[in-house]
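Now for the letters of each chain:
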Amino acid sequence: MVRATLVKQRNESLTVKDERTGKVYSIPITENSIPATAFKKIVAPRKGGEREEDETERGLRVLDKGFLNTAVIRSEITYIDGEAGVLRYRGYPIEQLAVNSSYLECAYLLIYGSLPTRTQFRTFENEVMHHSIMHHDSEELYSSFRYDSHPMAILTSAFAALGSNHADANPSLAGQNLYTRGTPESLAVMDKQIFRLLGKATTMAAMAYRVRQGRAFVTPPVGLSYTGSFLYQMDHLGEEGYKPNPVLERALDVLFLVHADHELNASCTTVLQTGSSLVDPYSAIAAGCASLYGPLHGGANEAVIRMLISIGSPDNVPQFLEQVKRKESVLSGFGHRVYRTSDPRSFIVRKTADEVFAITGKDPLLETAMRLHDEAMKDDYFVSRKLAPNVDFWSGLIYRAMGFPLDFFPVLFAVPRVAGWLAHWRQMMLQEGGVKIWRPRQIYVGPEVREFVPIEQRKDESKSPREKPTEVYHSGQSRRYWLAEYKGKERAKL
Ligand SMILES: CC(C)(COP(=O)(O)OP(=O)(O)OC[C@H]1O[C@@H](n2cnc3c(N)ncnc32)[C@H](O)[C@@H]1OP(=O)(O)O)[C@@H](O)C(=O)NCCC(=O)NCCS
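Residues numbered from 1 in each chain as written. Predicted model: local features only at pLDDT ≥ 70, side-chain atom pairs only at ≥ 80, totals over all residues. Heavy atoms only, no water.

Let's talk about the overall build of the chain
Along its length, the chain carries 19 helices and six strands. The principal-axis extents of the C-alpha atoms in the chain amount to approximately 80 × 80 × 60 Å. Looking at the chain as a whole, 44% of its 494 residues qualify as buried. At a minimum sequence separation of 6, the contacts of the chain that also span at least 24 residues come to 67%. Of the roughly 27,300 Å² that the chain leaves accessible, carbon and sulfur atoms contribute 52%. Seen as two clouds, the 61 positive and the 58 negative side-chain charges of the chain have centres 4 Å apart. (Helix = DSSP H or I, 4+ residues; strand = E, 2+ residues; numbered from the N terminus. Buried < 20%, exposed > 50% of the residue type's maximum accessible area, 1.4 Å probe, protein only. Contact = heavy atoms within 4.5 Å. Areas by Shrake-Rupley, 256 points an atom, 1.4 Å probe, with all protein chains shown as cover. Lys, Arg positive; Asp, Glu negative; His and termini not counted. Charge placed at Lys NZ, Arg CZ, Asp CG, Glu CD.)

As structure tokens, this is what we get:
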């Protein structure tokens, strides 16, 4: 057993004593962090009975299931103080940005590091908005999906497919160091893909929306804002002089702004993990999109509404909270890996909800949501675990009031998050020392080495149903099929 004594010293180092060997190691502390590789130098002789797979003589390993306390990159983009409920993009508090800025301006800020001047913004906006048109061939991809396909499945596929149109942007074809050189030519290639991805994100999301409505695709408009163009592309039915409702356009922009980045969440980490193999940015963004789709991440806003519908009315809230406390249900839209208090974005979204409801009318689920919020915030189960509303608790109600279908909610999260993903991807590509492939370690606890056994001599070794494939039901096969007889098959007895 390892018993290490950790002592923080004045000279910014950590003294670690390995009780197995009596050896003392000094590990430097920089920016209040220690390099995990320093632990690799802590070795001990293998004792009798110790598994060779523990690799004791090859250095201590650091186990952190689910990245609970592992930093994987140095970043200048977003800061979160989870205890105080603080969120800042490049140093600017989210509350100030939500009032004074716009989504596209924040995208610039996140990606390039400072708020743009008027001229810089005009050029950036112009590039993004003029990279919004999709190749006509891509319409076939959208049309090949079934009418009831989840739009996140469509969007994820669309991002991956988009990369196939741009061979010049693919490091596998155009050179491994396409994005890591940092030269003006390399930066130009990188920024062109950024413009394309930001510009086409709304077009692709709107196409996923239209294909399910059975509507013909439209060409992205000229002269509208980023969210105005998105609304046009979803809603335009051929009328002349279409203009989206300004309150809804601004509300969507605020929602986009607060969803633009959230440092190393699951999807951003996936983008970086995928990007670390130097794959093209389209594939990396598609991977991020797939990660965001999960109910613990970008799917939570959809889960909140399903939960509110299932609760039914404010009167059923106490009963539902009892179920949550018995661990039979989860209170979707509450809790966060980083925030130990209310998510600062939740206040902005709550205020935006009131502005939207003022023109769309209140959602009938709002009463249930408010009762749920108020009861949970004073219940010891949630208080003691520091569980408070996150951004998803209120956002779903706004999307519903605006008339978006439930399964479109994660799309409304993924589209703005493209800016954050790209900011982190760009930063990693240009980081000092180049890109190192992200290759974590594991603690191997499986069987020790064993001899291959020929099939005739094997016995069933499975000890539980988990250790062999489960028998599955074949829904596509009817009784008629089973009762039929053909060469090589006897008639089945049902
Ligand atoms: C976001 C989330 C995945 C974070 O998970 P995490 O950091 O791994 O937190 P844990 O699962 O360790 O939770 C700690 C405790 O709080 C409980 N808990 C966390 N979130 C909860 C929730 N939403 N409802 C009920 N209980 C919850 C856990 O059961 C656990 O209880 P225990 O100590 O009795 O075992 C989690 O809070 C969650 O599932 N929330 C609902 C989904 C959601 O809204 N996601 C959007 C995030 S922006």
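Once you've had a look at it, read on.
With respect to the sheet that holds strand β5 (residues 86-89)
Reading across from one edge, β4-β5-β6 is the order of the three strands in this open sheet, with antiparallel pairing throughout. Looking at strand neighbours, the two that pair on one side only are β4 (78-81) and β6 (92-93), the edges of this open sheet. Relative to β6, β5 runs antiparallel, the two being bridged by two bridges. Within β6, the residue paired with Arg88 across the bridge is Pro93. (Pairing = 2+ DSSP bridges.)

Describing the UniProt feature "active site" (unreviewed entry) in the chain
Sequence positions flagged by UniProt for "active site" (unreviewed entry) are, in local numbering, His336 and Asp392. On the basis of their most widely separated C-alpha atoms, the annotated residues across 57 residues gather in one place, lying no more than 10.6 Å apart. Looking at the secondary structure, you find His336 in the loop between α13 (317-325) and α14 (344-360). For His336, a relative accessible area of 24% translates into the label partly exposed. A distance of 3.0 Å separates the side chain of His336 from the backbone nitrogen of Val338, its partner in a polar contact. Looking at the secondary structure, you find Asp392 in helix α17 (residues 392-401). With residues near it in sequence (within four places) discarded, Asp392 still touches His297, Ala300, Asn301, Val304 and Phe413. (UniProt positions renumbered as here; feature names shortened; annotations may be inferred. Polar contact = N/O pair within 3.5 Å; in protein donor to acceptor, adjacent residues only side chain to side chain.)

Points about the side chain of His259
On the secondary structure map, His259 appears in the loop between α9 (246-258) and α10 (266-275). Sequence-distant contacts of His259, that is, excluding residues within four places in its chain, are made with Tyr89, Val391, Ser395, Tyr399, Phe413, Pro416 and Arg417.

Digging into the site of the ligand
Every one of the 16 residues lining the ligand counts as a neighbour, but Lys327, Leu331, Gly333, Arg337 and Arg385 are closest to it. One of the backbone N or O atoms of Gly333 is found 2.9 Å from an oxygen atom in the ligand. Arg385 has a polar side-chain atom sitting 2.9 Å from an oxygen atom of the ligand. Relative to its unbound accessible area of 870 Å², the ligand is 67% covered by the protein chains. (Near = heavy atom within 4 Å.)

Quick notes on α13
All of the buried residues in α13 are Val317, Phe320, Leu321 and Val324. One face of α13 carries all of its buried residues, which in axial projection span an arc of 100°. Where α13 is buried, its residues meet α12 (300-311), α15 (365-377) and α16 (380-384). Just beyond α13, the residue with positive phi is Lys327, at close to 65°. (Arc of directions from axis to C-beta.)

What about the packing of α14 against α17?
Between α14 and α17, whose axes approach to 9 Å, the crossing angle comes to 20°. With respect to α17, the axis of α14 lies roughly parallel. Helix-helix and strand crossings are classified by hand; for α14 and α17 the assignment is left-handed. For the pair α14 and α17, the contacting residues are Ser346, Val349, Arg350, Thr352, Ala353, Val356, Phe357 and Thr360 in the first and Trp394, Ser395, Leu397, Ile398 and Ala401 in the second. Its residues placed into classes, the contact of α14 with α17 shows eight nonpolar, four polar and one charged. (Axes fitted to C-alpha atoms, helices over the stretch in contact; angles between N-to-C directions. Parallel < 35°, antiparallel > 145°, perpendicular 65-115°, else oblique. Left-handed = near helix turned anticlockwise from the far one by under 90°. Nonpolar A, V, L, I, M, F, W, Y, C, P; charged D, E, K, R; others polar.)

A few points about a nonpolar patch on the surface
Side chains of Leu63, Ile443 and Val445 sit close together on the surface and give an oily, nonpolar patch of about 300 Å² of accessible area. Mapped onto the elements, Val445 comes out in the loop between α18 (409-429) and α19 (479-483). Taking relative accessible area as the criterion, Val445 reaches 69% and is therefore assigned exposed. (Patch = residues over 30% accessible without salt bridge, like charges linked within 9 Å, V, L, I, M, F, W, Y side chains within 5 Å. Salt bridge = Lys/Arg side-chain N within 4 Å of Asp/Glu carboxyl O.)

A few points about helix α8 (residues 226-235)
Of all 10 residues making up α8, nine are buried, and the element is well covered by its neighbours. Turning to α8, the residues buried within the fold contact α2 (103-112), α3 (118-129), α7 (184-213), α9 and α18.

Brief notes about unusual backbone geometry
One non-glycine residue, Glu55, lies in positive phi territory at about 55°. Turning to its location among the elements, Glu55 is positioned in the loop between β3 (24-28) and β4. Taking the relative accessible area as the measure of exposure, Glu55 reaches 18% and is therefore buried. Its identity as a non-glycine residue notwithstanding, Leu278 has a phi of 70°, on the positive side.

Observations concerning the side chain of Gln193
Checked against the element boundaries, Gln193 lands in helix α7. Polar side-chain contacts of Gln193 include one of 2.9 Å to the backbone oxygen of Val189. Here Gln193 is in contact with Ala169, Tyr179, Pro281 and Tyr282, once residues within four sequence places are set aside.

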